[in-house]
Amino acid sequence: MTNDQYSIEFKNVTKKFGETVVLKNVNFGIRKDKITTVLGFSGAGKTTLMKHILGLTMPTTGDVVVLGTIINQIGELELREFRRNFGMVFQYAALFDFLTSFENVAFPLREFTKMNEAEIKEKVMGLLKSVGIAPEAALRLPSELSGGMRKRVGLARGLALDPHIMLYDEPTSGLDPITTHMVYDLMRDTHYNNVDHGFTSVIISHDIHATLKYSDYIIFMENGLVVEHLDVESFKKSENPVIRRFLEL
Amino acid sequence: MKQMVERRIEILGANVLSLLTGLGDFTNFTMRTIFWTFKPPYRWKLLFDQLYFIGNKSIFIIFLTSSFTGAVFAFQIYVGMKVINADSFIGPIVTIALAKELAPVLSGLVVAGRCGAAMAAQIGSMKVTEQIDALEVMGINSYQYLAVPRIVGATLSLPLLSAVFLMIGYGGAWLIGTKVIQIDEAIFASKISDFMDLGMVAEGLIKATVFGYLIGIIGTYHGFGVEGGAEGVGKGTNMAVVWGMITVLVVDFFLTSFLTKIL
């Protein structure tokens, strides 16, 4: 497989915090146009891995290549520009609590585009509609929304700048099973609606059942190591005892 | 015995190391905020929001504090001065004390309590709910977006609040001096112009500006330093208020020594 088939590549990445090694010589590539889930127990290094993708944490050794750019070799200002290639949905949505749903989604548009108010309104209402948020909820503050609604507004905000890579950090934690599947459906629909322009989705999760249902590829991590990186069908057949344990949960 | 000495040295070393680390973090934070203050984009709306919050919204509490401070101080000076038959000096004594010390220091303490706490709590709660991470992921510098407007807002607001404190405090002293103690209004005012100069007012305003900057940087630093959940936010808020107030009082001493020589 050639490099241009990957959106994200980790090349011999090791990360140490003091004496603690959090990522141990990690090598993998995340394919463009696919939904890849990074799976593992708590403390496996999943969140550190995501922070490396975003350039929020730099590797101790090795390189992180995103969309052809070695992000650990570019300057801070350039990195900030580069991050506009990402959309992100946080574990608890991380909506700005002083802004309404509408203003949260409009926030990146106001910061990074020259769109006028009418254009912003049209785009924001379109995004909110696409994630199933009713127009009347657009004027509510995050504290007035349910957990599922907050995640959906977070997804709309993440999509506002038409990112190339969408990252989801434990997107369904704290949600009931029905809302969990609604959010996963939405993530899958979002992915396939945008896949024409090289869209990549990366999900950090420990929800094995949803992962098997919605992902194309799975990266399984344990103690800072990538134990397996397989397509879903191969993953289900893996003989690795840790993965078997995870699958039997 | 040897073990006890070693243990004490270990504790001392750990404390010194922690102090130096904290100092390094604070210096790093300060340098970053200075850098991002002068780097575009300039966030005027956020600055005006902070000017409104720190300046305008503090007026009422400044009004209350200053009017009673001026009145009580005038009355206390009268009690002392009456003994040596110098009660006509109430005006200049109160006004000089207000201009040089009371207005900047008490305004500083009020703002440290009210706004330093709010800065730490707002930024701290944004940190624990990943809102600061969300800003960073969007490519927005959180220091520039959250810290700079608050620091600049406090730096610009405090001298104005201090000037308001001086005027209202003077009003309180004037009321007590002329209406309660019955000093002649003309004497009250003329003594002030005999003893006061612009340097004294400038000293107070310079102090207030420095206090504003320090309260802003301490409040935001403790906000960004919040770890954990609600407990962490509470701890950060508490630290912002305590350190803000201590800093105002300690820095006042050194500023007074320095400014008295040059003004």
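Residues numbered from 1 in each chain as written. Chains lettered and ligands numbered in written order. Predicted model: local features only at pLDDT ≥ 70, side-chain atom pairs only at ≥ 80, totals over all residues.

Chemist: Which parts of the structure should I look at to understand the sheet that holds strand 1 (residues 6-17) of chain A?
Modeler: Backbone-to-backbone hydrogen bonds join strands into a sheet, with any given pair of strands oriented parallel or antiparallel. Residue and element names in this part refer to chain A. In spatial order, the strands read 2-1-4-5; together these four strands make up an open sheet with antiparallel pairing. Strands with a single pairing partner mark the edges of an open sheet, and in this sheet they are strand 2 (20-31) and strand 5 (69-70). In this sheet, strand 2 lies alongside strand 1 in antiparallel orientation, the contact comprising eight bridges. The residue bridging I8 from the neighbouring strand is I30, located in strand 2. (Pairing = 2+ DSSP bridges. Helix = DSSP H or I, 4+ residues; strand = E, 2+ residues; numbered from the N terminus.)

Chemist: Help me out: how do you make sense of the confidence of the model for chain B in this one?
Modeler: Should the pLDDT be low somewhere, the predicted coordinates at that spot are not to be read in detail. Of the residues in chain B, 100% reach a pLDDT of 70 or more, and the chain-wide mean stands at 93. Scoring of the predicted complex yields 0.87 for pTM and 0.85 for ipTM. (pLDDT = per-residue confidence, 0-100.)

Chemist: Which parts of the structure should I look at to understand the sheet that holds strand 3 (residues 35-40) of chain A?
Modeler: Residues and elements named next belong to chain A. The strand order 6-7-8-3-9-10 describes an open sheet built from six strands, whose pairing is mixed. Among the strands making up the open sheet, the edge pair consists of strand 6 (86-89) and strand 10 (225-231). Mean inter-strand twist for the sheet, computed between neighbouring axes without regard to direction, equals 15 degrees. Pairing analysis gives six bridges linking strand 9 (residues 217-222) to strand 10, with the strands arranged antiparallel. What sits directly across from F220, in strand 10, is E228. Sheet contacts for helix 5 (residues 147-159): strand 6 and strand 7 (165-169); angle to strand 6, the most-contacted strand, approximately 175 degrees. (Axes fitted to C-alpha atoms, helices over the stretch in contact; angles between N-to-C directions. Contact = placed C-beta atoms within 7 Å.)

Chemist: Would you explain helix 6 (residues 177-194) of chain A in this entry?
Modeler: Residues lying three or four places apart along an α-helix face the same way, a consequence of the helix completing one turn every 3.6 residues. End to end, helix 6 of chain A covers 26 Å across 18 residues, agreeing with the expected 26 Å (1.5 Å per residue, within 8%). Each element contacted by the buried residues of helix 6 of chain A is listed here: helix 5, strand 7, strand 8 (200-205) and helix 7 (208-214) of chain A. (Expected span 1.5 Å × (residues − 1).)

Chemist: Explain the nonpolar core to me, please; I cannot follow it from the model alone.
Modeler: Grouped burial of nonpolar side chains is what soluble globular proteins tend to show. Counting 134 residues, the largest nonpolar core has I53, V105, A156 and L167 of chain A together with A74, V111 and A173 of chain B as its most contacted members. Here V105 of chain A is in contact with V124, L127, L128, V153, A156, R157 and A160 of chain A, once residues within four sequence places are set aside. (Core = buried A, V, L, I, M, F, W, Y, C linked by C-beta atoms within 7 Å. Buried ≥ 20, exposed ≤ 12 C-beta atoms within 10 Å, placed from the backbone.)

Chemist: What is the right way to read the pairing of strand 9 of chain A from this model?
Modeler: Side-chain positions along a regular strand alternate between the two faces of the sheet. Residues and elements named next belong to chain A. Burial runs high along strand 9: five of the six residues are buried. By the bridge criterion, five bridges tie strand 3 to strand 9 in an arrangement that is parallel. Bridge pairing in strand 9 places V38 opposite I219.

Chemist: When you look at helix 2 (residues 44-55) of chain B in this model, what are you seeing that I'm missing?
Modeler: End to end, helix 2 of chain B covers 15 Å across twelve residues, agreeing with the expected 16 Å (1.5 Å per residue, within 8%). Of the surrounding secondary structure, the elements contacted by the buried residues of helix 2 of chain B are helix 4 (90-128) and helix 6 (142-180) of chain B.

Chemist: Explain the packing of helix 8 (residues 198-224) of chain B against helix 9 (residues 230-262) of chain B to me, please; I cannot follow it from the model alone.
Modeler: Each pair of packed helices can be described by the angle between their axes along with the distance between the axes. Residues and elements named next belong to chain B. Relative to each other, helix 8 and helix 9 sit at 155 degrees, their axes nearing to 9 Å. Relative to helix 9, helix 8 is oriented roughly antiparallel. Both helix 8 and helix 9 take part in a crossing whose hand is right-handed. The segment helix 8 lies against helix 9, with E203, I206, K207, V210, F211, L214, I215, I218, G219, H222 and G223 engaging G236, M239, A240, W243, G244, T247, V248, V251, D252, L255 and L259. Considered class by class, the residues forming the contact of helix 8 with helix 9 number 13 nonpolar, six polar and three charged. (Parallel < 35°, antiparallel > 145°, perpendicular 65-115°, else oblique. Left-handed = near helix turned anticlockwise from the far one by under 90°. Nonpolar A, V, L, I, M, F, W, Y, C, P; charged D, E, K, R; others polar.)

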